[in-house]
Amino acid sequence: SAGVSLNLPIQFGRLGAAEREARAGVEQVEYRRKAAEAQIGSEVETAIAGVEETEHEIHIIEDRVVPATERALRSIRASYENSRAGFTTLLNAERDLARARLALHRVKVGYLQSFADLDRAVGAAPGEEDAR
């Protein structure tokens, strides 16, 4: 007597459904990955724009605003010393210079915050060396 044993996959439908489910899961993961990449790209672009904008503001304040208010103060101080300007005018000029310097410091803080946003967007750890 001889016997032959065969395993016939009779449930083809179940195997096909499992394969389709697995492929759908892979597609879903791929869509999520692409969406995450797009979001990260957008965050990086926004952070770079913030860095560039604050850098430009720093240059304007350092190169134009602060020197102009310093010149104005020197001029008003000379006028005050020659009794051609009032004390209030001198105080206002001092206040204007202090405000310009404060604005410069605030913009520098914004610049550092923009770099922190950029580091966060690209996934850099705080304190990592970078080529700035």
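You'll find the structure just up there.
Let me sum up the structure you'll find in this document.

Rules used throughout
In every chain, residue numbers begin from 1 and rise along the written sequence. Whole-chain, interface and lining totals are the exception, using all residues; otherwise, since this is a predicted model, local features are given only for residues with pLDDT of at least 70 and side-chain atom pairs are given and counted only at 80 or more. In computing side-chain values, all of the structure's heavy atoms are included and hydrogens and water are not. Note on ring pairs: Phe, Tyr and Trp rings are taken, using the six-membered ring of Trp, and paired if centres are within 6.5 Å. Classes follow the plane angle, with under 30 degrees stacked, over 60 edge-to-face and the rest tilted. The numbering of helices and of strands both runs from the N terminus, where a helix is a DSSP run of H or I of at least 4 residues and a strand a run of E of at least 2. Residue contacts are counted whenever heavy atoms from the two residues lie within 4.5 Å of one another. Here a salt bridge means any side-chain nitrogen of Lys or Arg lying within 4 Å of a carboxyl oxygen belonging to Asp or Glu. For every residue, the accessible area obtained with a 1.4 Å probe (protein chains only) is divided by the maximum for its type, and the residue is called buried under 20%, exposed over 50%, and partly exposed between those limits.

**As for the packing of aromatic side chains**
For any two aromatic rings, the description comes down to two numbers: the centre-to-centre distance and the angle of the planes.
And then number 1: Under the counting rule described, the total for this entry stands at two aromatic pairs.
And then number 2: Between Y111 and F115, the aromatic rings sit 5.0 Å apart at their centres with planes inclined by 90°, giving edge-to-face as the arrangement. One end of the pair is Y111 and the other is F115, both in helix α2 (residues 87–122) and four residues apart, which spans about a single turn.

**As for the side chain of T54**
And then number 1: Checked against the element boundaries, T54 lands in helix α1 (residues 12–81).
And then number 2: When residues no more than four places from it in sequence are discounted, the contact partners of T54 are V107, G110, Y111 and S114.

**Topic: the pattern of salt bridges**
When the charged atoms of two side chains with opposite charge come close together, those side chains can pair.
And then number 1: Summed over the entire model, instances satisfying the criterion amount to eight salt bridges.
And then number 2: The closest approach of N and O atoms between D96 and R95, which form a salt bridge, is 3.6 Å.
And then number 3: Judged by relative accessible area, D96 falls into the partly exposed class, the value being 35%.
And then number 4: Taking the relative accessible area as the measure of exposure, R95 reaches 36% and is therefore partly exposed.

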